[in-house]
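# Remarks on the overall topology
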Amino acid sequence: MSEIYFDNAATTKTSESAAKVAFDVMTSFYGNPSSAHAKGLEAEHILKKARAQVLSALGYTAKDGTLLFTSCGTESNNTVFFGVYQALGKRKNNIVISDSEHPSVENCARELEKKGVQVRRIPTKGGKLELDFAEKAIDDKTMLVSCMLVNNETGAVYDIKALDSIRKRKAPEAYLHTDAVQGFCKLPCSLSALGADFVSISGHKIHAPKGVGGLFIKKGVRLPCRMFGGGQEVGLRSGTENLAGIAAFGTSCEEFMHEKQKILNTIKELNSELRKNLYEICPYVLINSKDEAAPHILSISVPGIRSEIMLRFLSERGIFVSAGSACSSKNADNRVLSNFGLDDKRADSTLRISFSKYNTKDETLTLAKAIDEGNKSLIHTV
Ligand code: PLP
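Residues numbered from 1 in each chain as written. Predicted model: local features only at pLDDT ≥ 70, side-chain atom pairs only at ≥ 80, totals over all residues. Heavy atoms only, no water.

## A closer look at the pattern of salt bridges
- All chains considered together, the criterion is met by 28 salt bridges.
- A salt bridge links K20 to D24, with the nearest nitrogen and oxygen atoms 2.9 Å apart. Separated by 4 residues within a single helix, K20 and D24 lie in helix α1 (residues 16-27), roughly one turn from each other.
- Judged by its relative accessible area of 51%, K20 falls in the exposed class. (Salt bridge = Lys/Arg side-chain N within 4 Å of Asp/Glu carboxyl O. Helix = DSSP H or I, 4+ residues; strand = E, 2+ residues; numbered from the N terminus. Buried < 20%, exposed > 50% of the residue type's maximum accessible area, 1.4 Å probe, protein only.)

## Side note on the site of the ligand
- Around the ligand there are 16 residues in total, and T74, D179, Q182, S202 and K205 lie nearest to it.
- A distance of 2.8 Å separates an oxygen atom of the ligand from a polar atom in the backbone of G73.
- When isolated, the ligand has an accessible area of 390 Å², and the protein chains bury 94% of it.
- Among the elements that line the shell around the ligand, the one with the most residues is helix α3 (residues 73-88), at 3 residues.
- Looking at the shell around the ligand residue by residue, the class counts come to 5 nonpolar, 9 polar and 2 charged. (Near = heavy atom within 4 Å. Polar contact = N/O pair within 3.5 Å; in protein donor to acceptor, adjacent residues only side chain to side chain. Areas by Shrake-Rupley, 256 points an atom, 1.4 Å probe, with all protein chains shown as cover. Nonpolar A, V, L, I, M, F, W, Y, C, P; charged D, E, K, R; others polar.)

## Focus on the pairing of strand β7 (residues 198-202)
- In terms of residue burial, β7 counts as a mostly covered element, since 5 of its 5 residues are buried.
- Side chains of β7 alternate between two faces, with F198, S200 and S202 and V199 and I201 buried alike.
- Note: strand β6 (residues 175-179) against β7, 3 bridges, orientation parallel. For T178, the partnering residue across the bridge sits in β7 and is V199.
- Across 5 bridges, the pairing between β7 and strand β8 (residues 213-218) is antiparallel. Counterpart to V199 in the pairing with β8 is F216. (Pairing = 2+ DSSP bridges.)

## Focus: the sheet that holds β8
- One open sheet accounts for 7 strands, arranged β2-β8-β7-β6-β5-β3-β4; its pairing is mixed. Looking at which strands have only one partner, the edges of the open sheet turn out to be β2 (65-70) and β4 (118-122). On average, each strand axis in the sheet is inclined to that of its neighbour by 20 degrees, with strand direction left out of account.
- Direction of pairing for strand β5 (residues 142-146) relative to β6: parallel, over a ladder of 3 bridges. For V145, the partnering residue across the bridge sits in β6 and is L176. (Axes fitted to C-alpha atoms, helices over the stretch in contact; angles between N-to-C directions.)

## Examining helix α6 (residues 160-170)
- Those residues of α6 that sit buried are I160, A162, L163, D164, I166 and R167.
- The distance from a side-chain oxygen at the start of α6 to the backbone nitrogen of K161 is 3.5 Å, and the residue carrying that oxygen is D159.

## Some words on the nonpolar core
- The biggest cluster of nonpolar side chains holds 82 residues, and the ones touching the most others in it are F184, F249, L314 and I371.
- Of the residues that make up this core, three or more belong to each of domain 1 (4-12 + 260-377) and domain 2 (16-258).
- In terms of nonpolar packing, the next biggest core, distinct from the first, is built from 23 residues, V80, L112, V221 and L236 among them. (Core = buried A, V, L, I, M, F, W, Y, C linked by side-chain atoms within 4.5 Å. Domains from an automatic or database assignment.)

## Regarding the state of the cysteines
- Counted under the stated rule, the structure contains 0 disulfides.
- The thiol sulfur of C108 is not disulfide-bonded, and the nearest other cysteine sulfur, from C72, lies at 11 Å.
- Here C225 is not disulfide-linked; the sulfur of C108 is the nearest cysteine sulfur, at 17 Å. (Disulfide = S-S within 2.5 Å.)

## Notes on the confidence of the model for the protein chain
- Taken residue by residue, the protein chain gives an average pLDDT of 96. The fraction at 70 or more is 98%.
- Low confidence marks residues 325-331, where pLDDT is under 50. Its contacts with residues over four positions away, or in another chain, come to 10 contacts. (pLDDT = per-residue confidence, 0-100. Contact = heavy atoms within 4.5 Å.)

## Overview of the packing of α1 against helix α8 (residues 243-258)
- It is the contact of α1 with α8, at a shortest axis distance of 8 Å, that shows an interaxial angle of 150 degrees. Judged by the angle between their axes, α1 and α8 are roughly antiparallel. As α1 packs across α8, the resulting crossing turns out to be right-handed. In contact with S17, A18, V21, A22, V25 and M26 of α1, α8 contributes L243, A244, A247, A248, T251, S252 and E255. (Parallel < 35°, antiparallel > 145°, perpendicular 65-115°, else oblique. Left-handed = near helix turned anticlockwise from the far one by under 90°.)

## Concerning the packing of aromatic side chains
- Inspection of every chain in the model, using the stated rule, returns 5 aromatic pairs.
- One aromatic cluster in this structure is built from F69, F184 and F249.
- Across from the ring centre of Y30, 4.8 Å away, lies the NZ or CZ of K39, which sits over that ring.
- Over the face of the ring belonging to F313 we find R317, whose NZ or CZ atom lies 3.6 Å from the ring centre. (Phe/Tyr/Trp six-rings, centres within 6.5 Å; stacked < 30°, edge-to-face > 60°. Lys NZ or Arg CZ within 6 Å of the ring centre and 35° of its normal.)

## Notes on the sheet that holds strand β10 (residues 297-301)
- The 3 strands lie next to each other as β9-β10-β12, forming an open sheet whose pairing is antiparallel. In this open sheet, the two strands that pair with only one neighbour each are β9 (286-287) and β12 (350-354).
- By the bridge criterion, 5 bridges tie β10 to β12 in an arrangement that is antiparallel. Looking at β12, one finds that I297 is bridged to S354.

## Remarks on the side chain of S190
- Residue placement: S190 occurs in the loop between β6 and α7 (191-194).
- Among the polar contacts listed, one links the side chain of S190 to the side chain of S192, at a separation of 3.3 Å.
- Leaving out residues up to four positions away in the same chain, S190 has contacts with L58, G59, Y60 and G195.

This is the structure:
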């Protein structure tokens, strides 16, 4: 059975060149970047090159700040939340986030809430960040403003730059963080585009292997060390670097940047082709993502059919999509879709289809036909 993979917001296939670089590092350039001999220097050079490649894909240079390699986007987000709390928690008492953050941000906020920090959540109904709320919520006691760039369930794009201006006016001492895991390489992330002090990214969303992520830290911004040891990664994250993953991440960034316009065009075309096919073949399907959402994520609802049931039906036919967000689907709640404005029934029948450069228009047709087949044969329970 051939496979159709439409779950690229959960993770992507590692590109062949990224996999090859990882293999070469593991088998030939396996030195420890901290070793003083030639093999170590060779490894250090690989590490430096990858850091420059990732920074460049973000739209930064080493002058703008540091790129810290982490194990994933979740670690990057945790590093910011607990680092900022450690630095400012005694003088400030609140953080401001959006009400539709990924669990790796939302659950950090809940942990800080247990320590007495007030968490103020900006509504995001209809995929729009309510800036009037942010204006009132951010004050001189705010330590951190954190908002994702692209929502992983709906593709909604949030206005980080607008948050930056509010934070500069109302809370100049507060840090601004964006979880750009879903926006990286697809939307501008530079200092002028976002104005953030911290930007979290993850390799496996852009065809690097799993197990490597990054955190951009703006020049002059200091985070306390939370992993003590040999002092790697500017003293913030000790431990021998995942050089194979890091080198592959650098390669996948360079590759993505090289083909960027082509990839973005392909993804846009796939999105409109699927919308057209759904409209023609299954007109009862409801489209949740707004037209202005990031095109690699399309949220839809098939009225009456629970997401998990349709997901399994499609999976048995070799078509892989997600029910809401793959990262939270095991303990699914409808927090994000409900805050977006969907009622429980519609949220319970929501599927997330997410595209990559490896998808084709024919696959969108196969998916629409399979959804229609499922709609005809599955029992409607929602
Ligand atoms: N933030 C967002 C918006 C995500 O979509 C994800 C993963 O799907 C993460 C953070 C977590 O990234 P990672 O899987 O690299 O920990």
